[in-house]
Amino acid sequence: MAPFNITSIKTSSDGAWQGDNPLNFAFPLLIVQTTLILVISRILAFLLKPLRQPKVIAEIVGGILLGPSVLGRNQAYLHRIFPKWSTPILESVASIGLLFFLFLVGLELDLSSIRRSGRRAFGIALAGISLPFLGGIGVAYVIRKTIEGEDKVGYGQFFVFMGVALSITAFPVLARILAELKLLTTQVGETAMAAAAFNDVAAWILLALAVALAGDGAGGDHKSPLISVWVLLSGVAFVIFMLVVIRPAMKWVGRRCSSEHDVVDEAYICLTLAGVMVSGFMTDLIGIHSIFGAFVFGLTIPKGGEFAERLIERIEDFVTGLLLPLYFASSGLKTNVATISGGRSWGLLVLVITTACAGKILGTFAVAMMFMIPARESLTLGFLMNTKGLVELIVLNIGKEKKVLNDETFAILVLMALFTTFITTPTVMAIYKPARGRASSRAHRKLRDLNKNDSSKDQLRILACVHGPGNVPSLINIIESTRSTKKSQLKLYIMHLVELTERSSSIIMVQRARKNGVPLINRFRRGEWHDRLSGAFQAYSQLGRVSVRPTTAISALSTMHEDICKVAESKRVAMIVFPFHKMWRGEGGDSVENMGHGWKGVNQRVLKKAPCSVAVLVDRGFGRERETPGPTNSTLVQRVCIIFFGGPDDREALELGGRMAEHPAVKVTVVRFVEKGASETVMLRPSPTKSSEQSYSFSTAAVNREKETELDDNAVAELRSKWDGMIQHIEKVASNIVEEVLAIGRSNDYDLVVVGKGRFPSTMVAQLADRQAEHPELGPIGDVLASSGEGVVSSVLVIQQHDLAHSEEVPASKIQHSQFHKFTEDGSPGPGEISKDIV
């Protein structure tokens, strides 16, 4: 195929109809290359997902597959899809992504938090850099003697490049691995992140030094040594200028764009993006790679504020989703595994991998042990600090660009980076499993257990989960309403649920985790929410009998319930309270905000796996129009209605109602539904044809109906005798349950309606078993009140009592009267039936 003259390449074609092949033109070919890279890397990312590998692994392997190592062995394909003339164009587009990615890395490194991290993290980082760096110099000496052509590169730059390549730790990749392994909030995770931050800063300084020394690679030796000195001095002057002049200016911009000022001015965003480009150009002008300028500019942005978060939102998706894969795929395209041939080359690969791993792991392990960190955690830290990935590839590409690394050395180091990053997650999972100890005491699993314990020191422990600012006021009101002034103290754990997605920035993950949930207050966008939440939490922590402990769960939605249940287990909470995945807004609840099917799945899994009682809040503005109830504003009364049919879940709702009755600002009404005339037998049995997504599920446990009725009567009698005159008690004869329950919800007489989920239903609730379910996880009565378009104005709290006997649930159907002969004479169910007759 005839070679192209780079100056004759046109941007776009006139189209196939006019005889042009789009693949001979720059822009159409770039589109084809980008699409191919994204498709291949996404397929590989999906295949590697079960192994919990970072996305960068898939992107590099994708590039290697598309490059000369595999598909590129077909020369016709290589010359057509990835011709040599297209390489500068692809790499230029990818380099824009790299520039902004390094800006994000700088933005994610909080220099003040590095200073606060203390001697432990600094010592671990120092050992994790120095030992592999020295090892890298030794390996460099061997490679110079072994690989042809490398001895032409100057000693200084080659040794520094090899040292940096072996000693670096990828801060962004490490943050994601820690989050996925649920180690971010542990002692190991915090130490690893702080040490990686130290490591990152040191690595970029060393890289700047290496680039300054490298000059033009092989020709670097013939230049005046003064040039390197000038490059270094200019680089230092640039960094000082950025930190002394630009940093205060960006702080001013950050204050201008804070939540006190309603909106973030678009002009500031645009100027900042332009600043990234200018900073990159300045360092390129000096003779240090342009990415160093972008990184330093990122350091000048104030951390954790509205402005930083808005910048991340604007840049991250486009950069990490589209442009960065191009960069790492282009690294793979330049990697020809075929250059590693023969025992000598493979021996060098083993030497490089062994040196990199041994230096990093042993150095970190030894220093961690000196700081009295347990052996298993020290070893875990060593493997975590061995994470390479993104930043390693950047170093290697610069080395190849500067002609310091030839094709064979480059291929060896790329495979080393792949291997060390690949083994991190499986190894850490194998050697370090944080104590997931089950709580030794099985007490305090439900509210009624607390009621039986007369200890004055006993605490009601509640775990409240929040997604964002919208559902916090209502949850605070619910919890405050349960704050008994006479009995047990209230200990509240607030868990901010943060979804770990592919675009979750490590700055958000690390800051939320390290500050132990406080960003729940600090990071909301609108000033009104910031003020209200700050005020609510401050007032709450000052209430004498309430202890508030905020925390954060950063997890994929598929495993979020594990975090919630683990905290509930370890803190021995009696009840988990979390918001329903839908929230009604506006007058009459005409606007519905749906959090999505993923959050619905989280709620369902918590209901199934929770080690304690669970309350789901269907929020229609409970307490939003009023101040939080408390001892000082007892004139503002919250009106609560407990709907009682019978069964364990309803008794737990009744117990909660009794606690609410103790609060001076809560007025409780109990509406008990009773059957008219003789009770009619209703039988339920499993229905394999029904879907649990569209039908109610009931407990498979066989329960003594007479005993249940007795427990129901005792619970109501106990509540009436205890709160006679303070709780209004209404008995309703059931006729049309759905309409009567809806009438309570529509009446506007109550701010909150509390119902049991009804896993072991009364006869009346069992009548609804065949009803089409909109939200089956709420049970029949909860679903009726949470359904859309029914005109219900009250918020709804659905209670599920913790009971291991009722944990197995299946969709069920009513049995017709003609089918009753299948049951034995004593009324117990035959084989396969779900429960005893419900009378």
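Residues numbered from 1 in each chain as written. Predicted model: local features only at pLDDT ≥ 70, side-chain atom pairs only at ≥ 80, totals over all residues. Heavy atoms only, no water.

By the naming in an unreviewed UniProt entry, the protein chain goes by Cation/H+ exchanger domain-containing protein and is assigned to Erythroxylum novogranatense. Under the UniProt heading Subcellular location (unreviewed entry), the note attached to the protein chain is "Membrane". Under the Sequence similarities (unreviewed entry) heading, UniProt states for the protein chain: "Belongs to the monovalent cation:proton antiporter 2 (CPA2) transporter (TC 2.A.37) family. CHX (TC 2.A.37.4) subfamily." (UniProt positions renumbered as here; feature names shortened; annotations may be inferred.)

Caption draft 1: The overall build of the protein chain, seen in detail. When its secondary structure is counted, the protein chain shows 29 helices and 14 strands. Taken over 839 residues, the protein chain has a buried fraction of 57%. (Helix = DSSP H or I, 4+ residues; strand = E, 2+ residues; numbered from the N terminus. Buried < 20%, exposed > 50% of the residue type's maximum accessible area, 1.4 Å probe, protein only.)

Caption draft 2: Here's a closer look at the pairing of strand 8 (residues 666-675). The buried fraction of strand 8 amounts to seven of the 10 residues, a majority that puts the element mostly inside the structure. The pairing of strand 7 (residues 638-644) with strand 8 spans seven bridges and is parallel. Looking at strand 8, one finds that Phe-644 is bridged to Arg-672. What joins strand 7 to strand 8 is helix 25 (residues 648-661), and the crossover it makes is right-handed. Pairing of strand 8 with strand 11 (residues 728-734), which is carried by seven bridges, proceeds in the parallel orientation. The residue of strand 11 that forms the bridge with Arg-672 is Glu-731. (Pairing = 2+ DSSP bridges. Right-handed = clockwise from strand over helix to strand, strands pointing away.)

Caption draft 3: Structural detail: the confidence of the model for the protein chain. Chain-level statistics for the protein chain give a pLDDT mean of 78 and a share of 79% at 70 or above. Averaged pLDDT values over the elements of the protein chain bottom out at 32 in helix 21 (residues 519-522) and peak at 92 in helix 1 (residues 26-48). The low-confidence segment residues 514-535, where pLDDT is below 50, has 50 contacts with residues more than four positions distant or belonging to other chains. Low confidence marks residues 626-635, where pLDDT is under 50. Its contacts with residues over four positions away, or in another chain, come to 29 contacts. (pLDDT = per-residue confidence, 0-100. Contact = heavy atoms within 4.5 Å.)

Caption draft 4: Highlighting the packing of helix 15 (residues 375-385) against helix 17 (residues 407-431). Where helix 15 contacts helix 17, the two axes come as close as 9 Å, and the packing angle between them is 175°. If you check the angle between helix 15 and helix 17, you find them roughly antiparallel. Taken together, the residues of helix 17 that come into contact with helix 15 (itself represented by Arg-376, Leu-379, Thr-380, Phe-383 and Leu-384) are Ile-423, Thr-424, Thr-427, Val-428 and Ile-431. When grouped by side-chain class, the residues that make up the contact of helix 15 with helix 17 number six nonpolar, three polar and one charged. (Axes fitted to C-alpha atoms, helices over the stretch in contact; angles between N-to-C directions. Parallel < 35°, antiparallel > 145°, perpendicular 65-115°, else oblique. Nonpolar A, V, L, I, M, F, W, Y, C, P; charged D, E, K, R; others polar.)

Caption draft 5: Representation of the nonpolar core in the model. Counting residues in hydrophobic clusters, the biggest one holds 148 residues, and the most contacted among them are Phe-82, Leu-102, Phe-158, Met-162, Leu-166, Trp-204 and Phe-307. Top contributing element to this core by residue count: helix 9 (residues 187-214), with 15 residues. Sequence-distant contacts of Leu-102, defined by excluding residues within four places in its chain, comprise Trp-204, Ile-291, Ala-294, Phe-295 and Ile-394. Of all hydrophobic cores here, the second largest spans 49 residues; its members include Tyr-493, Ile-576, Ile-643 and Val-738. (Core = buried A, V, L, I, M, F, W, Y, C linked by side-chain atoms within 4.5 Å.)

Caption draft 6: Layout of the pattern of salt bridges. Counting across every chain of the model gives 12 salt bridges. Between Glu-91 and Lys-334 there is a salt bridge, with the nearest N and O atoms lying 3.4 Å from each other. In this pair, Glu-91 sits in helix 4 (residues 87-108) while Lys-334 sits in the loop between helix 13 (306-333) and helix 14 (342-370), placing the two residues 243 residues apart along the sequence. Residue Glu-91 is classed as partly exposed on the basis of its relative accessible area of 25%. Of the residues examined, Lys-334 reaches a relative accessible area of 23% and is grouped as partly exposed. (Salt bridge = Lys/Arg side-chain N within 4 Å of Asp/Glu carboxyl O.)

Caption draft 7: The packing of aromatic side chains, seen in detail. On inspection of all chains with the given rule, the structure shows six aromatic pairs. Aromatic side chains Tyr-77 and Phe-82 sit 6.2 Å apart centroid to centroid with 70° between the ring planes, which places their arrangement in the edge-to-face category. Tyr-77 gets classed as buried once you look at its relative accessible area, which sits at 17%. Each ring, one from Phe-122 and one from Phe-198, has its centre 5.3 Å from the other, and the planes form 75°; the classification is edge-to-face. Within this pair, whereas Phe-122 is found in helix 6 (residues 118-146), its partner Phe-198 is found in helix 9, the two being separated by 76 residues in sequence. The class for Phe-198 is buried, based on a relative accessible area of 17%. (Phe/Tyr/Trp six-rings, centres within 6.5 Å; stacked < 30°, edge-to-face > 60°.)

Caption draft 8: Spotlight on the packing of helix 4 against helix 13. Interaxial distance between helix 4 and helix 13 falls to 7 Å at its minimum, and their mutual angle equals 135°. For the element pair helix 4 / helix 13, the angle class is oblique. Of the two elements, helix 4 crosses helix 13, and the hand of that crossing is left-handed. Grouping the amino acids of the contact of helix 4 with helix 13 by side-chain chemistry returns 20 nonpolar, three polar and two charged. (Left-handed = near helix turned anticlockwise from the far one by under 90°.)

Caption draft 9: Structural detail: the side chain of Asn-199. Position of Asn-199 relative to the elements: it lies in helix 9. Residue classification places Asn-199 among the buried residues on the basis of a relative accessible area of 1%. In this structure the side chain of Asn-199 is engaged in a polar contact, spanning 3.1 Å, whose partner is the side chain of Thr-169. Not counting residues up to four positions away in its chain, the partners in contact with Asn-199 are Ala-125, Gly-128, Ile-129, Ser-167, Ile-168, Thr-169, Lys-360 and Met-385. (Polar contact = N/O pair within 3.5 Å; in protein donor to acceptor, adjacent residues only side chain to side chain.)

Caption draft 10: Geometry of a nonpolar patch on the surface. Taken together, Val-236, Ile-240, Phe-241, Leu-243, Val-244 and Val-245 make up a surface patch of nonpolar side chains, about 520 Å² in accessible area. By the element assignment, Leu-243 lies in helix 10 (residues 225-256). Overall, the relative accessible area of 31% leaves Leu-243 in the partly exposed class. (Patch = residues over 30% accessible without salt bridge, like charges linked within 9 Å, V, L, I, M, F, W, Y side chains within 5 Å. Areas by Shrake-Rupley, 256 points an atom, 1.4 Å probe, with all protein chains shown as cover.)

Caption draft 11: Main features of helix 26 (residues 705-722). If you check helix 26, its first and last C-alpha atoms are 26 Å apart, about what 18 residues at 1.5 Å a residue would give, namely 26 Å. Residues Arg-705, Glu-708, Asp-712, Ala-715, Val-716 and Leu-719 constitute the buried set of helix 26. Looking straight down helix 26, one finds that the buried residues subtend no more than 90° of arc, so they occupy a single side. Across from the buried face of helix 26, at angles greater than 90 degrees, the exposed residues are Glu-706, Lys-707 and Ser-721. (Expected span 1.5 Å × (residues − 1). Arc of directions from axis to C-beta.)

Caption draft 12: Molecular detail of unusual backbone geometry. Positive phi, close to 60°, is recorded for Lys-403, a residue that is not glycine. Relative to the assigned elements, Lys-403 resides in the loop between helix 16 (390-401) and helix 17. Lys-403 sits in the exposed class, given a relative accessible area of 54%. In this model, Asn-748 sits at a positive phi of 65°, which is unusual for a non-glycine residue. Tracing the backbone shows Asn-748 in the loop between helix 27 (737-746) and strand 12 (752-756).

Caption draft 13: Region of interest: the state of the cysteines. For the coordinates displayed, the defined rule picks out zero disulfides. With no disulfide partner, Cys-465 has as its closest neighbouring cysteine sulfur the one in Cys-565, 9.1 Å distant. According to the relative accessible area criterion, Cys-465 is buried, its value standing at 0%. Cysteine Cys-565 is unpaired, with the sulfur of Cys-612 as its nearest cysteine sulfur at 7.7 Å. Judged by relative accessible area, Cys-565 falls into the buried class, the value being 11%. (Disulfide = S-S within 2.5 Å.)

Caption draft 14: A look at the environment of Gly-470. Inspection of the secondary structure assignment puts Gly-470 in the loop between strand 1 (459-466) and helix 19 (472-481). We classify Gly-470 as buried; its relative accessible area is 9%. A C-alpha to C-alpha distance of 9.7 Å links Gly-470 and Asp-619, two positions 149 residues apart in sequence.

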